[in-house]
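# Tertiary structure, described
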Amino acid sequence: MQKKVLVVGGGGRCHAIVDALSRSARVSKIYCAPGNAGIASQAECVPVPVSDTDALLDFAKTNGIDMTIVGPEASLALGIVDRFREAGLKIFGPTKAAARIESSKEYAKDLMARHDVPTAAYRTFDNFDEALAYVKAGPIPVVIKYDGLAAGKGVVVALTLKEAEDALRDMLLDEAFGKGRVVVEEFLDGPEFSFMCLVNGTKIYPLDIARDHKRAYDNDAGPNTGGMGAYSPVPFVTPEIRQTALDTIIRPVAEAMVEEGVPFTGVLYGGLILHNGTPKVIEFNARFGDPETEVVLPRLESDFYDLVEAAVEGRDFDTVWSKDSVLGVVMAAKGYPGKYGKGYSVEGLENVDGKVYHMGTAMRDGRILTVGGRVLMVLGKGTSLAKARKAAYDNVAKIDCDGLFNRTDIGAREA
Ligand code: AMP
Ligand code: GLY
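Here is what the cut-offs are and how they apply
The residue numbers shown here count from 1 along each chain, following its written sequence. Each chain takes a letter, starting from A, and each ligand takes a number, starting from 1, following the order in which they are written. In keeping with the predicted nature of the model, local features appear solely for residues at pLDDT of at least 70, side-chain atom pairs appear and are counted solely at 80 or more, and the whole-chain, interface and lining totals rest on all residues. With hydrogens and water stripped out, all remaining heavy atoms of the structure feed into the side-chain values. When we say a residue is near a molecule or strand, we mean one of its heavy atoms is within 4 Å of it. Contacts described as polar in this section are N or O atom pairs within 3.5 Å, which, within protein, must combine one atom able to donate a hydrogen with one able to accept it, while residues neighboring in sequence count only if both atoms come from side chains. For every accessible area listed, the method is Shrake-Rupley and the probe measures 1.4 Å; residues are considered covered only by the protein chains on display. When residue character is reported, Ala, Val, Leu, Ile, Met, Phe, Trp, Tyr, Cys and Pro are called nonpolar, Asp, Glu, Lys and Arg charged, and the others, Gly included, polar. The helix count covers DSSP runs of H or I at least four residues long, the strand count covers runs of E at least two residues long, and both are numbered beginning at the N terminus.

Neighbouring ligand 2 are the residues D212, K214, G226, Y269, N285, R287, G289, D290, P291 and E292. Contact distances for ligand 2 include 2.8 Å between a nitrogen atom and a side-chain N or O atom of D212. Take N285: an N or O atom from its side chain is 3.2 Å from an oxygen atom of ligand 2. For ligand 2, the accessible surface in isolation is 200 Å², of which the surrounding protein chains cover 90%. By residue class, the composition of the shell around ligand 2 is two nonpolar, three polar and five charged.

The local shell around ligand 1 holds 15 residues, among which E185, E186, L188, E192 and E283 are the closest. One nitrogen or oxygen atom from the main chain of L188 is found 2.8 Å from a nitrogen atom belonging to ligand 1. Within the side chain of E192, an N or O atom sits 2.5 Å from an oxygen atom of ligand 1. Taking 480 Å² as the accessible area of ligand 1 by itself, protein coverage stands at 92%. Every element with two or more residues in the shell around ligand 1 is listed here: β7 (142-146), β8 (155-158), β9 (182-186) and β17 (278-285). Considered class by class, the residues forming the shell around ligand 1 number seven nonpolar, one polar and seven charged.

Shape is all these values report; function is a separate question.
Below is the structure:
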């Protein structure tokens, strides 16, 4: 029977999910709530916000949805998966309790400590003076993380004691993100990569590796963002390193969560770092990465609906991947991740040779306008990373919009 799918979210990650579903022989209808101007060409957009769990549940029931796939962490933290399951509906994502692996850094760190999963040494504080004393006694650089969701802005890699002190003051005294605790963490040096695995309890369905570029500007300068570009596969992550990451990180964590009574279902995303040749955990996310999903799913040759359904039902499934490289460059509103303008007209999309995933766009009076910080993810594909990179930047050059900027060095180090 042909399936009806609801995708919850409206960014580039959801566009990539919708695009993968549109290639599935199993799927007859795709809805996306709320979607965006790009998604609208491949799915029916439903004007329901991702935080309105009641309305999403109503919609799924009324429209006979067979499977719901959740993009954003905010919906997960509100318990959308628990609610859909209680109502007997199939949904792909973690329960609210399991999503804490992302929403609480302290929970994630403690879980890793209990199960010897390799990660940076750390301590948690809610008192400014104690945190500062600990930082002063240890090495610099040091990493200061707000313990909670802070839209990717709650992490400060402090290169000086002054920066560390300022970050502690912001988070603990001035409560920049609200009342909360901070994790003070050992600084690890090395290249980072993203390992997303579909998980159902102890069953694991690994996706291919991607590499994100978190800083706003070229040469990794500027503030941290949600990600300014990505590519997949990642040459420096050899099959051996990937296997080590699976055996020492992803599997032990999945097993630990089952053992501790909070089995994980959904995408367990390891933000990993290769430190002295060994993969270690920087963070976990409980969802598809953005922009990593946009470069990984186009390389999936298996049927994406089949894969998600197998994961939800806990069945075996072998994924097949294209050998091609895919690289994507984020075009973001000038000013992002700080204050930025909206409403700029985007021209030239029809000239692009390949995929463009929309991250933050809306259609008004027949024109595509920018409405978000990250606006477009422009892709290139090729038989090598260098070719994918050239194709992506050739496509970026075809897009004309005054209000946008992009990094010019996505993938440059490895291509
Ligand atoms: P997170 O939100 O935890 O992924 O942190 C954002 C970014 O800060 C990461 O992608 C890293 O580049 C950096 N970072 C976080 N923790 C560490 C660490 N322990 N050592 C080095 N860099 C880190
Ligand atoms: N690109 C990082 C994330 O999805 O959190």
